[in-house]
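Descriptive structure summary
Here is how the chains run, residue by residue.
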Amino acid sequence: FAGIRKEISSAMPRDVRLKKLAARAVMMAQSGQYNFERCLRHNEPGAAAFALTEFVQNSISLIFLLNGKFAPYYKWMFRAMKTLSCGSELAEPLEFLLTDNAPYQDKQAMIEDICSQIVLILNKHGLSEIRAGFLEEHAFDIMKKIRNPHIRALHIME
């Protein structure tokens, strides 16, 4: 399996990588920037915890994709993330979101900070020209860069 994974990750087509980046960005926006706070307002702490987990998983996956890699199995994600050249500084705040009993307002502020840092990385690498903080807008901007019409026509969350 490791050999297949290495072959796939080293030969990931540009448009496939962009599509995956867009999907992760839109899921980060949906789960972290929108649903986490909404679930809390509706007094659904369990649903908020699920949203937070989705946000962290998609954030880590996006960061690995920015580095041209696939995220490893969940139990190795944080350790492996710390070795990446791009986005490794987000490992600690992402882990904090899952492990600390900080107030939800602090977690929401950290989600926005993480998203702001992702926006800076996307802008720096020319993956998005948008400056807004809501990642959904960036996801659609990334989709515009996909050349293959079949891949570009896929639903953004696929």
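Residues numbered from 1 in each chain as written. Predicted model: local features only at pLDDT ≥ 70, side-chain atom pairs only at ≥ 80, totals over all residues. Heavy atoms only, no water.

1. Quick notes on the packing of aromatic side chains
What counts, and what does not: Centres within 6.5 Å are what make two rings of Phe, Tyr or Trp a pair, Trp counting through its six-membered ring; a difference in plane orientation under 30 degrees is then read as stacked, over 60 as edge-to-face, and the rest as tilted.
Scanning the entire structure with this criterion turns up three aromatic pairs. Each member of the aromatic cluster is reached from another via a ring pair, and the members are Tyr73, Tyr74 and Trp76.

2. Description of the packing of helix α2 (residues 14–41) against helix α6 (residues 104–124)
Threshold: Every axis in this analysis is a line fitted to C-alpha atoms, fitted for helices over the stretch in contact. Angles between the N-to-C directions lie between 0 and 180 degrees. Elements are defined by DSSP. Helices are runs of H or I of four residues or more, strands are runs of E of two residues or more, and each kind is numbered from the N terminus. Here is the rule for angles: anything less than 35 degrees is roughly parallel, anything more than 145 is roughly antiparallel, 65 through 115 is roughly perpendicular, and the remaining ranges are oblique. Left-handed is the label given to a crossing in which the near helix is rotated counterclockwise from the far helix by less than a right angle, and right-handed is the label when the rotation is clockwise. Here, two residues are considered to be in contact whenever any of their heavy atoms come within 4.5 Å of each other. Nonpolar residues are Ala, Val, Leu, Ile, Met, Phe, Trp, Tyr, Cys and Pro. Charged residues are Asp, Glu, Lys and Arg, and all others, Gly as well, are polar.
Remark: α2 packs on α6, axes separated minimally by 11 Å, with the N-to-C direction vectors making an angle of 165°. With respect to their mutual orientation, α2 and α6 come out roughly antiparallel. For the pair α2 and α6, the sense of crossing is left-handed. On α6, the residues that touch Met28, Gly32, Gln33, Phe36, Glu37 and Leu40 of α2 are Tyr104, Lys107, Gln108, Ile111, Glu112, Cys115 and Ile118. Per-class residue counts for the contact of α2 with α6 are seven nonpolar, three polar and three charged.

3. Considering the nonpolar core
A general tendency of soluble globular proteins is for nonpolar side chains to be buried together. For the record, the criterion: Buried Ala, Val, Leu, Ile, Met, Phe, Trp, Tyr and Cys residues that are joined via side-chain atoms within 4.5 Å together make up what is termed a nonpolar core. Only protein chains enter the accessibility calculation, which uses a 1.4 Å probe; a residue whose area is less than 20% of its type maximum is buried, one above 50% is exposed, and one in between is partly exposed.
Within the largest apolar cluster, 47 residues are counted, with the highest numbers of intra-cluster contacts made by Phe55, Ile60, Met81, Leu94 and Ile118. Mapped by element, the contributors of at least two residues to this core are α2, α3 (45–66), α4 (77–81), α5 (91–99), α6 and α7 (135–144). Beyond its immediate stretch of four places on either side in the chain, isoleucine 118 contacts Met28, Leu62, Ile63, Leu90 and Leu135.

4. Some thoughts on unusual backbone geometry
Phi at asparagine 43 takes a positive value of approximately 55°, unusual for a residue other than glycine. Looking at where asparagine 43 falls in the secondary structure, it is placed in the loop between α2 and α3.

5. A short note on the pattern of salt bridges
Here is the rule: We define a salt bridge as a side-chain nitrogen of Lys or Arg found within 4 Å of a carboxyl oxygen belonging to Asp or Glu.
This structure, assessed with the given rule, holds three salt bridges. Across the pair aspartate 15 and arginine 14 runs a salt bridge whose closest N-O atoms are separated by 2.7 Å. In this structure, glutamate 129 engages lysine 145 in a salt bridge whose closest nitrogen and oxygen atoms are separated by 2.8 Å. You can see glutamate 129 sitting in the loop between α6 and α7 and its partner lysine 145 sitting in the loop between α7 and α8 (149–152), a full 16 residues away along the chain.

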